[in-house]
Amino acid sequence: KPSWLSRLKAGLSKTSSSLTTLFVGAKIDDDLYDELETALLISDAGVEATQFLLNGLKKKVKEEKLTEAEQVKTALKMLLLELLRPLQKPLELGRHQPLVMMISGVNGAGKTTTIGKLAKHLQNHQQSVLLAAGDTFRAAAREQLTIWGERNNITVISQESGDPAAVAFDAVASAKARGTNVVMVDTAGRLPTQLHLMEELKKIKRVIGKGMDGAPQEILLVIDGNTGQNALAQVKAFDAALNLTGLIITKLDGTAKGGVLAAIAKSHPIPVYFIGIGEQIEDLQAFNAQEFVDALFD
Ligand code: GDP
């Protein structure tokens, strides 16, 4: 089984092959910059980050009097690393008892899978975990979560036809009573209208805060790394409603292009706590800017 890093590399291979080949034997001229611009846009980096990187690169080439394409590639790598580094921030455990995390994301982003992976990650770090099945719209999802919890020694709080905010409130109360370290509150990803979804998520957040001062301490958004520029729109919309504290970007092992991280870093930076690099329970990694940039360029 290949390591997670090679799966990340494979996932980003489209972007990395265009980024590396365009420099091979190239002259440093407008054609090179044009090709680079296209490659960055195709990678989902978006207009803002693409222009930022191109301008920064041109400036470096001039100031440092770079003459070799290989040097330009290295300069680009450095610029990208500088851009992405502020996104790197570990999820700090043990700051609160319990630490309450609300998990949001549109259906299909990989939210359920990610909650499972995250629960496992937390258990591996000696944290007891309690789950609130707040996606009361999907009965099957709730049942699946309950079965999964039993198998993995994780209490799942759910209600048959409950109000998701009430489920979340119960879960926090229950975690306080039991001395559980971390509560993860799952939320719905689709409601009749986007506005309705945001209102419900805001209500869940508000009600959790009534059960425990300062909670939820973490409000995460799970996004599919293949969503392209729409990922940025999701970050903006969920952040406007909830004040996100972190992101988890999934499916970077698939056909993702990876540029979306640059777009987020430039236009709406929010820490990326983890990346998803597979469907299995262990396929979750803390985001590391250096590893990510290396995967794109090596
Ligand atoms: P939800 O609707 O947001 O809860 O999404 P799910 O957790 O059900 O995931 C949707 C699909 O994406 C499932 O087939 C998952 O196995 C898959 N998936 C989730 N995360 C990853 C990932 O990091 N890599 C890959 N390749 N697939 C993933």
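Shown above is the structure to which this text applies.
Computed from a predicted model, the values in this text were never measured in an experiment.

Novice: Requested: an account of helix H5 (residues 69-84), with residues and values cited.
Specialist: For H5, spanning 16 residues, the distance from its first C-alpha to its last is 23 Å, which sits close to the expected 22 Å at 1.5 Å a residue. Along H5, the residues classified as buried are Ala69, Val72, Lys73, Ala75, Leu76, Lys77, Leu79, Leu80, Leu81, Leu83 and Leu84.

Novice: A description of the environment of Arg151 should follow, citing residues and the corresponding values.
Specialist: By the secondary structure assignment, Arg151 is in helix H7 (residues 139-151). The spatial distance from the C-alpha of Arg151 to the C-alpha of Ala133 is 16 Å, given a sequence separation of 18 residues.

Novice: Describe empty space enclosed by the protein, naming the residues involved and giving the relevant values.
Specialist: Under the definition given, this model contains two cavities of 30 Å³ or more. In this structure, the largest cavity spans a volume of roughly 80 Å³. If you list the elements that add at least two residues to the lining of the largest cavity, you get helix H2 (13-21), H5, helix H11 (260-267) and helix H12 (289-297). Its residues placed into classes, the lining of the largest cavity shows 10 nonpolar, four polar and no charged. In this structure, the second largest cavity encloses a volume near 30 Å³. Taken together, Trp4, Leu8, Ile275, Ala286, Phe287, Asn288, Glu291 and Phe292 make up the full set of residues lining the second largest cavity. Listed by contribution, the elements that provide at least two residues to the lining of the second largest cavity are helix H1 (4-11) and H12. Within the lining of the second largest cavity, the residues separate by chemical class into six nonpolar, one polar and one charged.

Novice: Now, about the pattern of salt bridges: what can you tell me, with residues and values included?
Specialist: Taken as a whole and judged by the stated rule, the model has 10 salt bridges. Linking Lys203 and Asp163 is a salt bridge whose minimum nitrogen-to-oxygen distance equals 3.0 Å. With Lys203 in helix H9 (residues 194-211) and Asp163 in the loop between strand S3 (155-157) and helix H8 (164-178), this residue pair connects regions lying 40 residues apart in the sequence. The salt bridge involving Lys251 is made with Asp224; its shortest N-O contact spans 3.3 Å. Taken together, the residues span a long stretch of sequence, with Lys251 in the loop between strand S6 (246-250) and H11 and Asp224 in strand S5 (residues 218-224) at a distance of 27 residues. Residue classification places Lys251 among the partly exposed residues on the basis of a relative accessible area of 31%. Taken together, the shared-partner salt bridges in this structure form one network comprising Lys77, Asp294 and Asp298.

Novice: Can you explain unusual backbone geometry? Please cite residues and give values.
Specialist: Phi is mostly negative for residues that are not glycine, and the peptide bonds are mostly trans. For the bond running from Gln97 to Pro98, omega is -5 degrees, close enough to zero to count as cis. As for its placement among the helices and strands, Pro98 is situated in the loop between H5 and strand S1 (99-104). A cis amide bond links Ala215 to the next residue, Pro216, at an omega of -5 degrees. For Pro216, the position within the fold is in the loop between H9 and S5. If you check the backbone angles, Asp44 has positive phi at about 75 degrees while not being a glycine. You can see Asp44 is positioned in the loop between helix H3 (30-42) and helix H4 (46-63). Here Asp44 falls in the buried class, since its relative accessible area comes to 12%.

Novice: Now, about the nonpolar core: what can you tell me, with residues and values included?
Specialist: Counting 81 residues, the largest nonpolar core has Leu84 and Leu261 as its most contacted members. With nine residues, H5 is the largest single contributor of residues to this core. In this structure Leu84 touches Leu261, Ala262, Ala265, Phe287, Ala289, Phe292 and Val293, once residues within four positions along its chain are discounted. The next biggest cluster of nonpolar side chains, apart from the first, holds 24 residues, and it includes Leu99, Trp148, Val156 and Tyr273.

Novice: Before we move on, could you go through the site of the ligand and cite the residues and values that matter?
Specialist: Taken together, 16 residues are adjacent to the ligand, and Gly108, Lys111, Thr112, Thr113 and Glu279 come closest. Gly110 is positioned with one of its backbone polar atoms (N or O) 2.9 Å from an oxygen atom of the ligand. The contact in question runs from an oxygen atom of the ligand to an N or O atom on the backbone of Gly278, over 3.2 Å. Contact with the protein chains covers 76% of the free accessible surface of the ligand, which is 580 Å².

Scoring rules and cut-offs
- Residues numbered from 1 in each chain as written.
- Predicted model: local features only at pLDDT ≥ 70, side-chain atom pairs only at ≥ 80, totals over all residues.
- Heavy atoms only, no water.
- Helix = DSSP H or I, 4+ residues; strand = E, 2+ residues; numbered from the N terminus.
- Expected span 1.5 Å × (residues − 1).
- Buried < 20%, exposed > 50% of the residue type's maximum accessible area, 1.4 Å probe, protein only.
- 1 Å grid on protein atoms, 1.4 Å probe; cavity = no way out; pocket = protein on both sides within 12 Å on 5 of 7 lines; lining within 4 Å.
- Points joined across faces, edges and corners; volume = space filled by probe spheres on them.
- Nonpolar A, V, L, I, M, F, W, Y, C, P; charged D, E, K, R; others polar.
- Salt bridge = Lys/Arg side-chain N within 4 Å of Asp/Glu carboxyl O.
- Core = buried A, V, L, I, M, F, W, Y, C linked by side-chain atoms within 4.5 Å.
- Contact = heavy atoms within 4.5 Å.
- Near = heavy atom within 4 Å.
- Polar contact = N/O pair within 3.5 Å; in protein donor to acceptor, adjacent residues only side chain to side chain.
- Areas by Shrake-Rupley, 256 points an atom, 1.4 Å probe, with all protein chains shown as cover.

Purely spatial values, then, with no claim about function.
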